[in-house]
Amino acid sequence: MTSPNNKKQTPVASWLDYDFFPEEQKAIKSLTVILRTVGCQWRKCTMCGYWHESANVTQADILTQLERALRNSPDEPFILKIFTSGSFLDEREIASDTRKGIAKMVKKRKIKKLIVETRPEFINAEKIEDLKAVEHLELAIGLETADDFIRSKYINKGFSFDDYRTAAEIVNECGAIVKTYLLLKPPFISEKRAMEDVVKSAALVSPYSSTISLNLCNVQKYTRLEDLWKRKYYRPPWLWSAVEAIKEIKQRDANVVVMSDPVGAGHIRGPHNCGKCDMAIIGAIKKINITQDLGVLERLEEIDCECKEVWHALIKFDDFLFGSNLL
Ligand code: SF4
Ligand SMILES: [Zn+2]
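Quick summary incoming for the structure in this document. (Residues numbered from 1 in each chain as written. Chains lettered and ligands numbered in written order. Predicted model: local features only at pLDDT ≥ 70, side-chain atom pairs only at ≥ 80, totals over all residues. Heavy atoms only, no water.)

### Let's talk about the overall build of the chain
1) Next: Along the chain, the regular secondary structure elements total 13 helices and eight strands.
2) Next: In summary, the chain has a C-alpha radius of gyration of 20 Å against a globular reference of 20 Å for 327 residues, a match within 12%.
3) Next: Taking all 327 residues of the chain together, the buried fraction comes to 54%.
4) Next: For the chain, the computed accessible surface area is about 15200 Å², with 50% contributed by carbon and sulfur atoms.
5) Next: When the 48 basic and 46 acidic side-chain charges of the chain are each reduced to a single mean position, those positions are 5 Å apart. (Helix = DSSP H or I, 4+ residues; strand = E, 2+ residues; numbered from the N terminus. Rg over C-alpha atoms; globule rule 2.2 N^0.38 Å. Buried < 20%, exposed > 50% of the residue type's maximum accessible area, 1.4 Å probe, protein only. Areas by Shrake-Rupley, 256 points an atom, 1.4 Å probe, with all protein chains shown as cover. Lys, Arg positive; Asp, Glu negative; His and termini not counted. Charge placed at Lys NZ, Arg CZ, Asp CG, Glu CD.)

Shown next as structure tokens:
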């Protein structure tokens, strides 16, 4: 049995993978660590249940968690992604001394790039300076959409596009870079509008972002989105929509780096198609993450799955079908 202390000193998860490293235009190894902290202060976003991973941990516990995860570090230079299911720059989650301690741990290893995520209100030059132990520092901000109405009314994110822009400018002025998360299909918008929204948002955030990460909305437990989904007022996005959105973003700007981690893809709570073609599409999305080669998605046109016609019809009749759960 895991003792409570053991749980507090163990990260929520950590794993090795490959990630595209735009600075060298190639994929290199990455270590992702999800630290258990006291969790996000905001906790009001309609689709987010991450606060379930929080615990009453001490700052020493957090350093132990990272120490343990770093035992898995690759021998070669790699990307380290530290997520907290909240905001890395929130003092309440990661205190200033802990942040500095983490920077020292990072400096001792062959880390090419450090990626942390945070809400924009916690970003300032001093905190960024603490983390400049690595050559490349990336701050990921969950903007979700450039549309203030959708973000405030449907997602309940609690900050504006202007807040994001101010924070992103600080990051860029400090010599770090920004990754912007966009959410494909928040609640209350149709499939077609969801695609249009991420494509439009990508164009508006690209002046501030080095990377755009497309989050395909999934239904997490104990969220307002789950209530809607249970009442059949919500269907997670089709994987065809994700493919179209990524293609369009890349076609409009070939230099923009687009990533998408299809969490829960192929399952009823996650982005999915008919079940028969899901795996091929998930594979292609994962491949574009490490190659940025649009041809990977264009080759999907050869997949002749009958659900594509259903999806086409849904998009075509979108204005009439909105609100229905037929598809
Ligand atoms: S999406 Fe981010 S800001 Fe919103 S509740 Fe979840 S962790 Fe907090
Ligand atoms: Zn299909």
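Text resumes after the structure shown.
### Digging into the coordination of the zinc ion (ligand 2)
1) Next: At this site the zinc ion (ligand 2) is bound by Cys274 (SG), Cys277 (SG), Cys305 (SG) and Cys307 (SG), with donor distances of 2.2 to 2.3 Å.
2) Next: Considering all four donor atoms around the zinc ion (ligand 2), angles at the metal cover 99 to 119° and the coordination shape is tetrahedral.
3) Next: In primary-sequence terms, the residues that donate to the zinc ion (ligand 2) follow C-x2-C-x27-C-x1-C. Across the pair, cysteine 307 and cysteine 305 agree in class, each one buried. (Donors = N, O, S within 2.8 Å, 3.2 Å for Na, K, Ca; no water. Tetrahedral: all angles 85-135°; square planar, octahedral: opposite > 155°, others 65-115°.)

### Structural notes on the pattern of salt bridges
1) Next: Per the stated rule, a full pass over the model turns up 22 salt bridges.
2) Next: As a salt-bridge pair, aspartate 130 and arginine 99 come within 3.1 Å of each other at their nearest N and O atoms. On the criterion of sequence distance, the pair formed by aspartate 130 in helix 4 (residues 125-130) and arginine 99 in helix 3 (residues 96-107) is long-range, its members being 31 residues apart.
3) Next: With relative accessibility at 2%, the residue arginine 99 sits in the buried group.
4) Next: One salt bridge in this structure joins aspartate 148 and arginine 151, with 2.7 Å as the shortest N-O distance. Linking aspartate 148 with arginine 151, this pair stays in helix 5 (residues 148-155), spanning three residues, or about one helical turn. (Salt bridge = Lys/Arg side-chain N within 4 Å of Asp/Glu carboxyl O.)

### Side note on the site of ligand 1
1) Next: Contacts to ligand 1 come from Cys40, Arg43, Lys44, Cys45, Cys48, Ser85, Arg119 and Lys157.
2) Next: Of the residues in the shell around ligand 1, the class split is three nonpolar, one polar and four charged. (Near = heavy atom within 4 Å. Nonpolar A, V, L, I, M, F, W, Y, C, P; charged D, E, K, R; others polar.)

### Describing unusual backbone geometry
1) Next: Even without being glycine, tyrosine 222 reaches a positive phi, approximately 60°.
2) Next: Phi angles above zero are rare outside glycine, and glutamine 292 is one such case at about 60°.
3) Next: Along the chain, glutamine 292 turns up in the loop between helix 10 (278-291) and helix 11 (295-298).

### A word on the sheet that holds strand 3 (residues 78-83)
1) Next: Strand order in this open sheet of eight strands is 1-2-3-4-5-6-7-8, and the pairing throughout is mixed. Of all the strands in the sheet, just strand 1 (13-21) and strand 8 (257-259) have a single pairing partner and so form its edges. Sheet twist, expressed as the mean angle between neighbouring strand axes with direction ignored, is 25°. (Pairing = 2+ DSSP bridges. Axes fitted to C-alpha atoms, helices over the stretch in contact; angles between N-to-C directions.)

### What about helix 5?
1) Next: Inspection of helix 5 places Ile150, Arg151, Tyr154 and Ile155 among the buried residues, and these make up the whole buried set. All buried residues of helix 5 fall inside an arc of 110° around its axis, so they share one side.
2) Next: The inward-facing, buried residues of helix 5 contact strand 5 (136-144), helix 6 (161-173), strand 6 (177-184) and helix 7 (191-205).
3) Next: Structurally, the start of helix 5 carries an N-cap: the backbone nitrogen of phenylalanine 149 is 2.8 Å from a side-chain oxygen of aspartate 147.
4) Next: One or two steps after helix 5, the chain reaches asparagine 156, where phi turns positive at roughly 65°. (Arc of directions from axis to C-beta. Contact = heavy atoms within 4.5 Å. Polar contact = N/O pair within 3.5 Å; in protein donor to acceptor, adjacent residues only side chain to side chain.)

### Side note on the state of the cysteines
1) Next: Going through the model one piece at a time under the given rule, you end up with zero disulfides.
2) Next: Not part of a disulfide, cysteine 217 finds its nearest cysteine sulfur in cysteine 48, a span of 10 Å.
3) Next: In this structure cysteine 217 comes out as buried when scored by relative accessible area, which is 2%. (Disulfide = S-S within 2.5 Å.)

### Some thoughts on the packing of aromatic side chains
1) Next: Applying the stated rule across the entire model yields four aromatic pairs.
2) Next: Judged by centre distance (5.6 Å) and plane angle (85°), the ring pair of phenylalanine 149 and tyrosine 154 falls under edge-to-face.
3) Next: Of the residues examined, phenylalanine 149 reaches a relative accessible area of 48% and is grouped as partly exposed.
4) Next: On the basis of an interplanar angle of 55° and a centroid distance of 5.4 Å, the ring pair of tyrosine 154 and phenylalanine 188 is categorised as tilted. Of this pair, tyrosine 154 sits in helix 5 while phenylalanine 188 sits in the loop between strand 6 and helix 7, and the two are 34 residues apart along the sequence.
5) Next: When its relative accessible area of 17% is taken as the criterion, tyrosine 154 is described as buried.
6) Next: The structure contains a cluster of three or more aromatic residues connected by ring pairs, namely Phe149, Tyr154 and Phe188.
7) Next: The ring of tryptophan 42 has lysine 44 sitting right over it, with the charged end atom 4.4 Å from the ring centre.
8) Next: The ring of tyrosine 234 has lysine 185 sitting right over it, with the charged end atom 5.5 Å from the ring centre. (Phe/Tyr/Trp six-rings, centres within 6.5 Å; stacked < 30°, edge-to-face > 60°. Lys NZ or Arg CZ within 6 Å of the ring centre and 35° of its normal.)

### So, the pairing of strand 5
1) Next: Counting buried positions along strand 5 gives eight out of nine residues, so the element sits mostly inside the fold.
2) Next: As judged from the five bridges shared by strand 4 (residues 111-117) and strand 5, these two strands associate in the parallel manner. Along strand 5, the bridge assignment pairs glutamate 117 with alanine 140.
3) Next: Between strand 4 and its parallel partner strand 5, the chain crosses via helix 4, and the hand of that crossover is right-handed.
4) Next: For strand 5 and strand 6, the ladder comprises five bridges, and the chain directions are parallel. (Right-handed = clockwise from strand over helix to strand, strands pointing away.)

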